[in-house]
Amino acid sequence: MTVHFVGAGPGAADLITLRTARLLSEADVVLYPGTYIDAEVLGHCRAEARLVDTQRLDLDQITAAMVEAHAAGLDVVRLTSGDPSLYSALHEQGRRLDAAGVPWDVTPGVPAYAAAAALVGNELTVPLVAQSVVLTRTQARSTAMPERESLAAYAATGATLVLHLAITRTRELMAELVPHYGVDCPVVVVHSATQPGEVVLRGTVGGDAAIADRVEAAGLRQAAVILVGPALAERPNGACESHLYSAERQR
């Protein structure tokens, strides 16, 4: 038997891959983060499958459940929100499974930032405006960030920023971004993307439309991504059309 780490996507039950749906339908045991996974996603599981909500379990308890199921010859799916390549503790869990001699693999999912951009109809890379996207988080009551990965260092590039696990510090973070993006730079916040309680907020880094005011008024505390950058404007200043699709490009 193999433990399958599977990206459950941003929330909507129909935004999972065909492989994910198959793995869920075949699994005997499914471990999922109840804080982020919508109940409809679990509708792909068999009625007799054992469902384990991991939101109150530590990594050792989660690993023990997977190792025990593997030893019993059961198929195991470990669901993560979004895609396992981002903030899923894949490294820590994989290391523990390796030590226990349990094989595992990974199935990707639709990341939350991609769902957020889709909801507002924005491309995160716009020619001559922003050609890079930085996926990062900030530190509060969490694991320390490496010193070289400061928010200011990334902001100085002018790239489109995607901030995870940062919604409770929106005001503080926007103040840090003002020198790099300016108060009028557009910001999009998406809470519970594609789920029934989805919330989409548009604003700016500062000024009269400050996104911090709107986040606080909405009472958002978790399950949200923050997108920042000039590429998020309705008609980004300085944008040009892509050379890839230009009629002048030799094909």
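Residues numbered from 1 in each chain as written. Predicted model: local features only at pLDDT ≥ 70, side-chain atom pairs only at ≥ 80, totals over all residues. Heavy atoms only, no water.

**Student:** Give me the packing of helix H2 (residues 59-71) against helix H3 (residues 90-99): which residues, what numbers.
**Tutor:** Close contact between H2 and H3 brings their axes to 10 Å; oriented N to C, the two are set at 50°. Classed by the angle they form, the pair H2 and H3 counts as oblique. Between H2 and H3 lies a crossing whose hand is right-handed. Judged by residue contacts, Leu-59, Asp-60, Ile-62, Thr-63, Met-66 and Val-67 of H2 engage Glu-92, Gln-93, Arg-96 and Leu-97 from H3. Residue composition of the contact of H2 with H3, by class: five nonpolar, two polar and three charged. (Axes fitted to C-alpha atoms, helices over the stretch in contact; angles between N-to-C directions. Helix = DSSP H or I, 4+ residues; strand = E, 2+ residues; numbered from the N terminus. Parallel < 35°, antiparallel > 145°, perpendicular 65-115°, else oblique. Left-handed = near helix turned anticlockwise from the far one by under 90°. Contact = heavy atoms within 4.5 Å. Nonpolar A, V, L, I, M, F, W, Y, C, P; charged D, E, K, R; others polar.)

**Student:** How would you sum up unusual backbone geometry? Please name residues and give values.
**Tutor:** The backbone of Leu-128 sits at a positive phi, close to 70°, despite the residue not being glycine. By the secondary structure assignment, Leu-128 is in the loop between helix H4 (112-119) and strand S6 (133-137). Of note, the phi angle at Ala-223 is positive, near 50°, even though the residue is not glycine. Looking at the element boundaries, Ala-223 is found in the loop between helix H7 (211-218) and strand S10 (224-228).

**Student:** Tell me about the packing of aromatic side chains, and name the residues and values.
**Tutor:** Remark: the centre distance and the inter-plane angle together describe each pair of aromatic rings, the angle taken between the planes. Taken as a whole, this structure holds one aromatic pair when the rule is applied. Considering the side-chain rings of Phe-5 and Trp-104, the 5.6 Å spacing of their centres and the 85° angle between planes classify their relative orientation as edge-to-face. Taken as a pair, Phe-5 in strand S1 (residues 3-7) and Trp-104 in strand S5 (residues 104-107) lie far apart in primary sequence, 99 residues in all. For Phe-5, a relative accessible area of 1% gives the class buried. (Phe/Tyr/Trp six-rings, centres within 6.5 Å; stacked < 30°, edge-to-face > 60°. Buried < 20%, exposed > 50% of the residue type's maximum accessible area, 1.4 Å probe, protein only.)

**Student:** Requested: an account of the pattern of salt bridges, with residues and values cited.
**Tutor:** Under the definition given, this model contains seven salt bridges. Of the charged contacts, one joins Arg-171 and Asp-213 as a salt bridge, the two residues approaching to 2.5 Å between their closest N and O atoms. Of this pair, Arg-171 sits in helix H6 (residues 170-181) while Asp-213 sits in helix H7, and the two are 42 residues apart along the sequence. Classification of Asp-213 by relative accessible area gives partly exposed; the value is 38%. (Salt bridge = Lys/Arg side-chain N within 4 Å of Asp/Glu carboxyl O.)

**Student:** Tell me about the domain arrangement of the chain, and please be specific about residues and values.
**Tutor:** The assigned domain composition of the chain is domain 1 (3-107) and domain 2 (112-232). Taking only C-alpha atoms into account, the centre of domain 1 sits 28 Å from that of domain 2. Contacts between the two partners involve 10 residues from domain 1, matched on the other side by 14 residues from domain 2. Summing both sides of the interface, domain 1 and domain 2 together bury roughly 920 Å²; the carbon and sulfur share of this comes to 64%. It is Pro-10, Tyr-36 and Tyr-87 in domain 1 that bury the most area against domain 2; as a group they hold 54% of the surface buried on that side. At the boundary of domain 1 with domain 2, the tally comes to zero salt bridges. Linking domain 1 with domain 2 are four residue pairs in polar contact (both at pLDDT 80 or more). Class assignment for the residues of the side of domain 1 that touches domain 2 results in six nonpolar, three polar and one charged. (Domains from an automatic or database assignment. Buried area = accessible area lost by both parts, 1.4 Å probe. Polar contact = N/O pair within 3.5 Å; in protein donor to acceptor, adjacent residues only side chain to side chain.)

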